[in-house]
Amino acid sequence: MKKNQTYPTDLTDHQWDCIKELIPPAKPGGRPRELDMRAIINGIWYIVVTGCQWRMLPHEYPAWQSVYTYFRRFRDDGTWQRLHNTL
């Protein structure tokens, strides 16, 4: 496993480099984004691949509520489909 990977479902450095520019920026005028977006995407991949419940997301990832919020947002605005197609 690569140094940035905690679980086999985590993105490799190459995969992250391919998609990081597709992540929408933080909303203007709001607070600066505090969460690591790679950790968010890794958390989403963990859920998608393992099929576990959101509340059972391992503690190495951001809080499940935050990961779920980004999953919903990315699903609704088409970001998730673009990330999936790119990978």
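Note that this is a predicted model, so its numbers are computed, not measured.

Parameters at a glance
Residues numbered from 1 in each chain as written. Predicted model: local features only at pLDDT ≥ 70, side-chain atom pairs only at ≥ 80, totals over all residues. Heavy atoms only, no water. Core = buried A, V, L, I, M, F, W, Y, C linked by side-chain atoms within 4.5 Å. Buried < 20%, exposed > 50% of the residue type's maximum accessible area, 1.4 Å probe, protein only. Helix = DSSP H or I, 4+ residues; strand = E, 2+ residues; numbered from the N terminus. Contact = heavy atoms within 4.5 Å. Axes fitted to C-alpha atoms, helices over the stretch in contact; angles between N-to-C directions. Parallel < 35°, antiparallel > 145°, perpendicular 65-115°, else oblique. Nonpolar A, V, L, I, M, F, W, Y, C, P; charged D, E, K, R; others polar. Phe/Tyr/Trp six-rings, centres within 6.5 Å; stacked < 30°, edge-to-face > 60°.

Attention now moves to the nonpolar core. Residues Trp16, Ile23, Met37, Ile41, Ile44, Phe74 and Trp80 are the most contacted members of the largest nonpolar core, which totals 21 residues. The set of elements that each furnish at least two residues to this core consists of helix H1 (13–19), helix H2 (37–50), helix H3 (64–77) and helix H4 (79–86). When residues in this core are grouped by element, the largest group, seven residues, is from H2. Setting aside chain neighbours within four positions, we find Trp16 in contact with Leu11, Ile23, Met37, Arg38 and Ile41.

Right, let's talk about the packing of H2 against H4 for a bit. One can describe the packing of H2 onto H4 by two numbers: an axis separation of 13 Å at closest approach and a directional angle of 80°. Taken together, H2 and H4 sit at an angle that is classed as roughly perpendicular. Contacts from Ile41, Ile44, Trp45 and Val48 of H2 reach H4 at Trp80, Leu83 and His84. Of the residues in the contact of H2 with H4, the class split is six nonpolar, one polar and no charged.

One pass over the structure, following the stated rule, counts eight aromatic pairs. Relative to Tyr61, the ring of Tyr46 has its centre 5.7 Å away and its plane inclined at 45°; by these criteria the two rings are tilted. Taken as a pair, Tyr46 in helix H2 and Tyr61 in the loop between H2 and H3 lie far apart in primary sequence, 15 residues in all. Across the pair, exposure class does not vary: Tyr46 and Tyr61 are buried alike.

What follows covers the packing of H2 against H3. Taken N-terminus to C-terminus, the directions of H2 and H3 make an angle of 85°; their axes are 9 Å apart at the nearest point. Taken together, H2 and H3 sit at an angle that is classed as roughly perpendicular. Along its contact with H2, which presents Met37, Ile40, Ile41, Gly43 and Ile44, the element H3 presents Ser66, Val67, Tyr70, Phe71 and Phe74. Considering only residue class, the contact of H2 with H3 consists of eight nonpolar, two polar and no charged.

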